Amino acid sequence: MNMDCQYKRVYLKPGKEESLKRFHPWVFSGAIHHVDEELKEGEIVKVCTSDGQFVALGHYQIGSIAIRVLSFCDENVNADFWQRKLSTAFEMRKCIGLVDNPCTNTYRLVHGEGDNLPGLVIDIYGKTAVMQAHSVGMHDSRFDLAEILLRVMEGRVRNVYYKSETTLPYKAELSMENGFLAGGSPDNVSVENGLKFHVDWLKGQKTGFFVDQRENRALLERYAKGRSVLNMFCYTGGFSFYAMRGGATVVHSVDSSAKAVELTNENVNLNFPNDSRHVAYEEDAFKFLDRMNKNAYDLIILDPPAFAKHKEALRNALQGYRRLNAKAFDKIKSGGILFTFSCSQVVSKEQFRTTVFSAAAMSGRSVRILHQLTQPADHPVNIYHPESEYLKGLVLYVE
Ligand code: SAH
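Residues numbered from 1 in each chain as written. Predicted model: local features only at pLDDT ≥ 70, side-chain atom pairs only at ≥ 80, totals over all residues. Heavy atoms only, no water.

What follows is about the nonpolar core. Ranked by size, the top nonpolar core spans 33 residues in total, and within it Trp-82, Leu-86, Leu-109 and Ile-122 carry the most contacts. Look past the residues within four positions of Leu-109 in its chain and what remains in contact with it is Ala-89, Phe-90, Arg-93, Asp-115, Ile-122, Asp-123, Ile-124, Leu-149 and Met-153. Core analysis: the second largest hydrophobic core is formed by 32 residues, Val-211, Ala-243, Val-251 and Phe-339 among them. (Core = buried A, V, L, I, M, F, W, Y, C linked by side-chain atoms within 4.5 Å. Buried < 20%, exposed > 50% of the residue type's maximum accessible area, 1.4 Å probe, protein only. Contact = heavy atoms within 4.5 Å.)

This part covers the sheet that holds strand β16 (residues 278–282). Pairing within the open sheet is mixed, and its 7 strands lie in the order β16-β15-β14-β17-β18-β20-β19. With partners counted over all chains shown, the strands left at the sheet margins are β16 and β19 (367–373), one partner each. This sheet shows a mean twist of 15° between the axes of neighbouring strands, independent of strand direction. Across 4 bridges, strand β17 (residues 299–302) lies against strand β18 (residues 336–342) in parallel orientation. Bridge pairing links Leu-299 to Ile-337 in β18. Sheet strands touched by helix α7 (residues 258–271): β15 (250–255) and β16. Its angle to β16, the strand with the most contacts, is close to 170°. Sheet strands in contact with helix α10 (residues 349–363) are β18, β19 and β20 (392–398), and its direction is about 25° off that of β20. (Pairing = 2+ DSSP bridges. Helix = DSSP H or I, 4+ residues; strand = E, 2+ residues; numbered from the N terminus. Axes fitted to C-alpha atoms, helices over the stretch in contact; angles between N-to-C directions.)

Right, let's get into a nonpolar patch on the surface. A cluster of nonpolar side chains, namely Phe-23, Ile-383 and Tyr-384, defines an oily patch on the protein surface of about 340 Å² accessible area. Position of Phe-23 relative to the elements: it lies in the loop between α1 (18–21) and β2 (26–28). Exposure remark for Phe-23: the relative accessible area of 37% places this residue in the partly exposed category. (Patch = residues over 30% accessible without salt bridge, like charges linked within 9 Å, V, L, I, M, F, W, Y side chains within 5 Å. Areas by Shrake-Rupley, 256 points an atom, 1.4 Å probe, with all protein chains shown as cover. Salt bridge = Lys/Arg side-chain N within 4 Å of Asp/Glu carboxyl O.)

Here α7 contains 14 residues, and its C-alpha end-to-end distance of 20 Å stays within 8% of the 20 Å for a straight helix at 1.5 Å per residue. What α7 keeps buried is the set Ala-260, Val-261, Leu-263, Thr-264, Asn-267, Val-268 and Asn-271. For α7, the buried positions fall inside an angular range of 160° around the axis, keeping them on one side. Where α7 starts, the residue carrying a side-chain oxygen 3.3 Å from the main-chain nitrogen of Lys-259 turns out to be Ser-257. (Expected span 1.5 Å × (residues − 1). Arc of directions from axis to C-beta. Polar contact = N/O pair within 3.5 Å; in protein donor to acceptor, adjacent residues only side chain to side chain.)

Printed below as a string of structure tokens:
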């Protein structure tokens, strides 16, 4: 017990500490009985049972998830604390072979709850770290975190770019701009499994690249030889340049965003300049699937954005996945391979599989599951927080 911690106290309703005792890192606003004093958004609070027993420490925020737990010990959240947390995350990435890897300098160093740092994401792109806060508490600590990060990375990282304009709660009315907290290199070419790509820190989605598909892209490369490939929702074209290296005869990339098509073309050129196998189309994926010829492709990737961000949107999202997959089943060549994904956190593995199953049934084709995919080890799932498992994928053989 550390007597130095002067954090304000939040008292739970009787019995509402149960999930915290099983180390689940969230306190919902409805579980709170009362607070000692008025709380400021982003401040660290002590969570106590109704009779005053300490349960956890966390960042307070206005909203349905009122507290995100940083520790189940009564301790000080200071520079030492952040250093321990970031070091633990770094050691784990060393253990899985992602640090000082000559073929891949792109990986996730901090994955929110998965690394016991709810509200914080840090992706590494060579010498640049892109840091994203999803909570006011993490936003408030950004300068400390950036400084400690440089120390923990022992010279491997020189630049820290902060990119939270779109991830922080709008209502918090924080005055902030995206920008470098340390260093400031314009060099934005990163490497994944030996393939190069530009990272758009400034305007890109997430931290600029979808780091979570690294292993699934490598698997796709193994299936690409001699195939005509359609990469739907291509964004920066990750799957496309892997397909090209794998020996695809044709690779078509589709995204409704002009910026994504531009990024895909740049990245393909970076790896395969003037390669006529690749064409990118700026078009809605559903429309493209409707107008394309049957049997035009024998390898299709469907990696759409999260169709549901909240539980209320679940039904519509499942319908969206079903429609999308049904179109692909309808058009894919016999003997074709479909890589299909969902990154919606609220859609479970079972729900996704059942939805793809019903899309397959609509087409009447014989379909086998070859692989069941998920997020890579640098996006770890906190065993006490099953919600951190979000990426689901199936690789299907379609007769
Ligand atoms: N597969 C990508 C990540 C996809 S992110 C990768 O490996 O990096 C989702 C992408 O879908 C975004 O680029 C977004 O612009 C695009 N998108 C969203 N709705 C779309 C639609 N209706 N048709 C085509 N693309 C769409």
